[in-house]
Every structure is written in structure tokens, then in C-alpha cells.
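# A structural walkthrough
Okay, here's what each chain looks like letter by letter:
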Amino acid sequence: GLGLAGAAPAATDAELSAEVKGVVESNLSGYNAENADATMSAVHKSSPDYASTTAALSEQFRDLAVKATLVDFDYMGHDDEFVVARVKIKLVGPPESAFVDNVVDSLVLFHQENGVWKLWSDEVLGVELGAK
């Protein structure tokens, strides 16, 4: 195929899947540590959701001690710019809190920032409430 001379070989789907799954895991571990910088380091700085996500985090960390767990990750494919995966994340609040535990099922887009895959945006497909 036509490409730039010296361009890195295209990653295989397995490599892309592992790489973007790692991005989700690093985002969640930052979230669970209530570390906004670590959480946001997995998000593309030009993401349409960057500012709103940053703002929401400080509120969530202040008001909620919610833990997030990756329960399902299904790599779906990519084009020249984006990788798409279906991701299910379980959110569980402390036992005494008013937080309703749930599983969020989303289509997540990843986009490269300086050669590193980052979270770009997500489209929530559904939320299952009361998931234990």
C-alpha cells in the first residue's frame, strides 16, 4: 500500500485492542484513586468531552466515593483516525450511600494524541441500574 516512507507498520487488531483497553484501565485506576490528573491523562486534550469531564470529576470526587470496574471490553475495529470499542463499566457506591449501583454500556471512540491512544468520546447505549 501507499504510505509514508519509514512509517511504523500498522498495529494489528489484537495490538490495538490491548492498547486501548489499557487506556480504559488507566482511566479507571485514576478515577478509583480519585486522582483527576491521572484520570484525565487518558483523555485526549481536544476531546469534545474534556472540559465537562474535568469539571464533573471534582464534583464526583468531593461528593461520591464511587468505584469503577471494567466488566466487559469488546474491540470493534478502527479506521485511519479512530478505534471503536464497546465498553461496560460497573459503578458501585459505598454501602450507606444513596448512589444507585449501575453498569454503563457505551461505545467508546479512541483517537491518537502525539502517537498515544486516548479516550475521545463515548455514546452511552444503556444503563443497567441496581447491578451488583
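Heads up: the structure comes first, above all this text.
Not measured: the values here are computed from a predicted model.

Reading the values: rules and limits
Residues numbered from 1 in each chain as written. Predicted model: local features only at pLDDT ≥ 70, side-chain atom pairs only at ≥ 80, totals over all residues. Heavy atoms only, no water. Helix = DSSP H or I, 4+ residues; strand = E, 2+ residues; numbered from the N terminus. Buried < 20%, exposed > 50% of the residue type's maximum accessible area, 1.4 Å probe, protein only. Areas by Shrake-Rupley, 256 points an atom, 1.4 Å probe, with all protein chains shown as cover. Lys, Arg positive; Asp, Glu negative; His and termini not counted. Charge placed at Lys NZ, Arg CZ, Asp CG, Glu CD. Pairing = 2+ DSSP bridges. Contact = heavy atoms within 4.5 Å. Polar contact = N/O pair within 3.5 Å; in protein donor to acceptor, adjacent residues only side chain to side chain.

## Quick notes on the overall build of the protein chain
Per the secondary structure count, the protein chain includes three helices and four strands. Counting helices and strands in the order they occur from the N terminus, the protein chain gives α-α-α-β-β-β-β. With respect to the three principal axes, the spread of C-alpha positions in the protein chain is 60 × 25 × 20 Å. Taking all 132 residues of the protein chain together, the buried fraction comes to 35%. Per element, the accessible surface of the protein chain, about 8,000 Å² overall, is 55% carbon and sulfur. Across the protein chain, the mean location of the 9 positive side-chain charges is 7 Å away from that of the 21 negative side-chain charges.

## Details of the pairing of strand E1 (residues 67–78)
As judged from the ten bridges shared by E1 and strand E2 (residues 82–92), these two strands associate in the antiparallel manner. Bridging from a neighbouring strand, aspartate 74 pairs with arginine 86 of E2. Remark: three residues form the turn of the hairpin made by E1 and E2, two consecutive strands paired antiparallel.

## Comments concerning the environment of tyrosine 75
If you trace the backbone, tyrosine 75 turns up in strand E1. Take tyrosine 75: its relative accessible area is 15%, and that puts it in the buried class. Expressed as a C-alpha distance, the spacing of tyrosine 75 and leucine 119, which sit 44 residues apart in the sequence, is 14 Å. Contact partners of tyrosine 75, with chain neighbours within four places excluded, come to Asp13, Leu16, Ser17, Val83, Val84 and Ala85. Of the polar contacts made by the side chain of tyrosine 75, one reaches the side chain of aspartate 13; its length is 2.6 Å.

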